[in-house]
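Listed below are the residues making up each chain.
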2 protein chains.
Amino acid sequence: MKKNLILGQSGGPTAVINCSLYGAVQEGFRKEEIDKVYGMVNGIEGFLRGDYLDFQEMKDNGSVEKLLYTPGAFLGSCRYKLPEDLSDPVYDEILKKLEEMSIGYFCYIGGNDSMDTVSKLSRYAAGTDTSIRFIGIPKTVDNDLVLTDHTPGFGSAARYVAYTVKEIAYDLSVYNAKSVTIVEIMGRHAGWLTAASRLARETENGNPYLIYLPEAAFDVETFVAQVEKALEVCPNLLVCVSEGIKDKDGVFICEYDSKAGVDSFGHKMLTGCGKYLERLIQDRLKIKARSVELNVCQRCSATMMSKTDQTEAASAGAFGVNAAVNGETGKMAAFVRKEGGVYEMECTLQDVNLICNEEKTVPTDWIIKDGTDVSEEFVAYALPLIQGKVEVPENENGLADFVKRAGK
Amino acid sequence: MKKNLILGQSGGPTAVINCSLYGAVQEGFRKEEIDKVYGMVNGIEGFLRGDYLDFQEMKDNGSVEKLLYTPGAFLGSCRYKLPEDLSDPVYDEILKKLEEMSIGYFCYIGGNDSMDTVSKLSRYAAGTDTSIRFIGIPKTVDNDLVLTDHTPGFGSAARYVAYTVKEIAYDLSVYNAKSVTIVEIMGRHAGWLTAASRLARETENGNPYLIYLPEAAFDVETFVAQVEKALEVCPNLLVCVSEGIKDKDGVFICEYDSKAGVDSFGHKMLTGCGKYLERLIQDRLKIKARSVELNVCQRCSATMMSKTDQTEAASAGAFGVNAAVNGETGKMAAFVRKEGGVYEMECTLQDVNLICNEEKTVPTDWIIKDGTDVSEEFVAYALPLIQGKVEVPENENGLADFVKRAGK
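Since we're looking at a predicted model, the values are computed, not measured.

A. Focus on the packing of aromatic side chains. One pass over the full model with this rule turns up 32 aromatic pairs over all chains. Here the aromatic residues Trp-192, Trp-366, Phe-378 and Tyr-381 of chain A are joined through ring pairs into a cluster of three or more. For Lys-404 of chain B, the ring lying beneath its charged end belongs to Tyr-170 of chain A, and the centroid distance is 5.0 Å.

Quick look at the structure:
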């Protein structure tokens, strides 16, 4: 008997989270075992409110393809953590709702927290007589999921970082006077995305000359000395820092300012670490300093999407649906890099329970030069992931022709 | 007798300032009247130090074409204001140096201050027996030069703003809870670039729902009320503000914070107005608010370059060189939009003395809805300028294949 497929998106969006949705939707329509393809609106949280849609309409009007280059999470997202206690009535409620809709396959696209949802639902389901299969499809710009070579979303964000940092490096080099530009890049605990700025460097003493990841303890005095020294060889200095850099006691550098003063509203002043370091350099070295926070653009730039990432994200979506149809549950679609000189990636399955509460950080031996740079191993790892340009179709106004949910 | 051409770049870079250089260099090589094509390194300031280059080498190795998509100012830039007093010896010094190099044509690519340089040099030259002609070629993302329909650089920056704001609008709409995202856009005195965010709006109540330019007085209390009201129809609200918004007394909103406190270094706290408004909204409406400063990316994104802007910038460069060869001096290459339905632009010459100390702001009657939006007239004006995608060639690493000065 045919069963229905339901898909959901959860956590912060990436440039390709809708590519995984695309892959999953198309595979859902291809599979003989699958009747209808549904999408939860705003993840499991919206589903609990009864909010979902049927992809048939999009299939009929030919707009499914637009998911391949639309940023944001098409289905809407949520940050909803299911209770640790599997005897909580919410589990029964979810399962009942799924059974009512004749769901046989449940695929959830997201990061760590979403894999936690898949883990809990699959574990709860194992104690019932349901045949619903629960599969996780990875996404996160942070690239911090374990048991996979990398995660969909990272390659596009890394391409954005590499291209943008390179453009900023050209922009900042126009004046003769010494200057320091600090680029703050996403990644609270894992420095993968900040490390990607290394790909923008063209020559040995080129920019970004200094790169700081959260994996290495950050010392403010050492930083000032490193900047001063770097300015001797690189007078228009570009420094890339992860938003999550912290000192040896684990205190985030971005919290240093809050010790100092309050803002106009009497609240602790919270600025990014880039802004803090900008003012530190101005104060200590008396030279022009500026900071640029790449912010959400890193994760939502369709025009900067990596073709490799786009293709792989769609494959992961399709692979996840296939796995569910093949009887797998409690698993995540993961990537294995094939051995050999030419980059090639293969999908595989990993136990979602081993993934959901772990965090993959940049290997310590890839962080070099007293924590101011990343190694050639990182370059070899990351470079294939940012390859390829994506053609984003334009609408009649010459802007990107994205797709929204009906009624949105 | 053949004379040489010298080119210079000055002020902040734009995405297409090197396209104007390209157009000027190529025209220089094409003209029979011109022998060598030189470039001042770091503008008039570097030239005074004797720093210049010969474009022959780039012509020979075929890298001139790369100027068409390389951001930053290839020749280097400066912020150097010539003395008001034309009897200052620096004028004689410059003229002597130019004569020594057999310069017949001097073209300077830049904004307001650069046109001031052209104005002063041409006026000084008029009192001597030199035959050197001085021509200005416009560039500025701010679009604030008078006597021209628009300036090269604006179209690409506007395309960046329109595309990026649209991507951010998709990104911020993923959650169900009400939220406010404030995007801070360049433009200290003129709101052209902030107005370009209007191009990202897809539907009547779509984002960006509120747009504030520096041309209209900004009132913090009115703003809070407008945001609160807007949230009723647009629960994931995107607000675009110009960095230069100021209150009715002319005080910049970004200075409000400095009244409040000092940073960790005992200095006045200076943050952007976006950060200020973010905290204002959090404080007053108790909802999630975030700010994004587009920063220098607006002016250096090669991948976001507008094809129209690229083409026009190159034309302006070529037109400027041609004008000099035709005996013009003290003029700026300017754009006239042809009448009629189809967008078409023509180059013309304007008196640089009438341009250099003026500033073109957004017309008051284009600012509508109590200063929270711009009109359809603006859309009709700006939309043609952002049209067309530019193909940026990639190097062996899959990154943009830009060009740098030899030795840079």
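The rest of the description comes next.
B. Inspection of unusual backbone geometry at higher detail. In this model, Asn-207 of chain A is joined to Pro-208 of chain A through a cis peptide bond whose omega is 0°. Assignment of secondary structure puts Pro-208 of chain A in the loop between α7 (192–195) and β7 (210–212). Unlike most non-glycine residues, Asp-370 of chain A shows phi in positive territory, near 50°. With respect to the helices and strands, the residue Asp-370 of chain A is situated in the loop between β12 (367–368) and β13 (373–374). You will see that Asn-42 of chain B, though not glycine, has its phi angle at about 60°, which is positive. Checked against the element boundaries, Asn-42 of chain B lands in the loop between β2 (34–40) and α2 (43–48).

C. View of the interface of chain B and chain A. Listed as interface residues are 78 residues of chain B and, on the opposing side, 78 residues of chain A. Summing both partners gives a buried area of about 6100 Å² for chain B against chain A, and 54% of it is carried by carbon and sulfur. Counting across the chain B and chain A interface gives 8 salt bridges. Residue Lys-389 of chain A pairs with Glu-391 of chain B through a salt bridge whose shortest N-O separation is 2.9 Å. In this structure, the connection of chain B to chain A is made through 38 residue pairs in polar contact (both at pLDDT 80 or more). Listing elements by their share of the side of chain B that touches chain A, those giving two or more residues are α6 (154–172), α9 (273–285), β9 (288–293) and α10 (297–300) of chain B. The dominant element in the side of chain B that touches chain A, judged by the number of residues it contributes, is α6 of chain B, at 10 residues. Taken together, the residues of the side of chain B that touches chain A sort by class into 35 nonpolar, 23 polar and 20 charged.

D. Representation of the relation of the copies chain B and chain A in the model. The two copies are related by a screw motion: chain B maps onto chain A through a turn of 180° and a shift of 0.0 Å along the axis, at an RMSD of 0.0 Å. Such a combination of turn and shift is consistent with a two-fold rotation axis.

E. The sheet that holds β2 of chain B, seen in detail. Residues and elements named next belong to chain B. One open sheet accounts for 7 strands, arranged β3-β2-β1-β4-β5-β10-β11; its pairing is mixed. Looking at which strands have only one partner, the edges of the open sheet turn out to be β3 (52–54) and β11 (345–351). Strand-to-strand twist across the sheet, computed as the mean angle between neighbouring axes with direction ignored, equals 30°. In the sheet, strand β1 (residues 3–9) pairs with strand β4 (residues 103–110) via 6 bridges, with the strands oriented parallel. From the neighbouring strand, Ile-6 faces β4, where its bridge partner is Phe-106.

F. Layout of empty space enclosed by the protein. This model, assessed by the stated rule, comprises 6 cavities of 30 Å³ or more. Looking at the largest cavity, its volume works out to about 280 Å³. In this structure, the largest cavity is lined by 18 residues; those nearest its centre are Lys-275 and Glu-293 of chain A together with Lys-275, Ser-291 and Glu-293 of chain B. Those elements that provide at least two residues to the lining of the largest cavity are α10 (273–285) and β9 (288–293) of chain A together with α9 and β9 of chain B. The class makeup of the residues in the lining of the largest cavity is 2 nonpolar, 10 polar and 6 charged.

G. Looking closely at the nonpolar core. Among the nonpolar cores identified, the biggest contains 181 residues, and Leu-7, Phe-55 and Ile-168 of chain A together with Leu-7, Phe-55 and Ile-168 of chain B are the most heavily contacted of them. With residues near it in sequence (within four places) discarded, Ile-168 of chain A still touches Thr-181, Val-183, Leu-238, Val-292 and Leu-294 of chain A together with Val-296, Cys-297 and Cys-300 of chain B.

H. Main features of the pattern of salt bridges. Overall, the coordinates contain 46 salt bridges over all chains when judged by the stated rule. Here Asp-171 of chain A ties to Arg-299 of chain B by a salt bridge, and the two come within 2.8 Å at their closest N and O atoms. Taken as a pair, Asp-171 of chain A in helix α6 (residues 154–172) and Arg-299 of chain B in helix α10 lie in two separate chains rather than in one. Here the two residues Asp-171 of chain A and Arg-299 of chain B agree in accessibility, since each one is buried. A salt bridge links Arg-337 of chain B to Asp-149 of chain B, with the nearest nitrogen and oxygen atoms 2.9 Å apart. Remark: Asp-149 of chain B occurs in the loop between β5 (133–138) and α6 and Arg-337 of chain B occurs in strand β10 (residues 331–337); sequence separation between them is 188 residues. Given a relative accessible area of 22%, Arg-337 of chain B falls into the partly exposed group. A relative accessible area of 18% places Asp-149 of chain B in the buried class. Each of Lys-81, Glu-84, Asp-116 and Lys-120 of chain A takes part in a single network of salt bridges with overlapping partners.

What counts and how
Residues numbered from 1 in each chain as written. Chains lettered and ligands numbered in written order. Predicted model: local features only at pLDDT ≥ 70, side-chain atom pairs only at ≥ 80, totals over all residues. Heavy atoms only, no water. Phe/Tyr/Trp six-rings, centres within 6.5 Å; stacked < 30°, edge-to-face > 60°. Lys NZ or Arg CZ within 6 Å of the ring centre and 35° of its normal. Helix = DSSP H or I, 4+ residues; strand = E, 2+ residues; numbered from the N terminus. Contact = heavy atoms within 4.5 Å. Buried area = accessible area lost by both parts, 1.4 Å probe. Salt bridge = Lys/Arg side-chain N within 4 Å of Asp/Glu carboxyl O. Polar contact = N/O pair within 3.5 Å; in protein donor to acceptor, adjacent residues only side chain to side chain. Nonpolar A, V, L, I, M, F, W, Y, C, P; charged D, E, K, R; others polar. Least-squares fit on C-alpha atoms with pLDDT ≥ 70 in both. Pairing = 2+ DSSP bridges. Axes fitted to C-alpha atoms, helices over the stretch in contact; angles between N-to-C directions. 1 Å grid on protein atoms, 1.4 Å probe; cavity = no way out; pocket = protein on both sides within 12 Å on 5 of 7 lines; lining within 4 Å. Points joined across faces, edges and corners; volume = space filled by probe spheres on them. Core = buried A, V, L, I, M, F, W, Y, C linked by side-chain atoms within 4.5 Å. Buried < 20%, exposed > 50% of the residue type's maximum accessible area, 1.4 Å probe, protein only.

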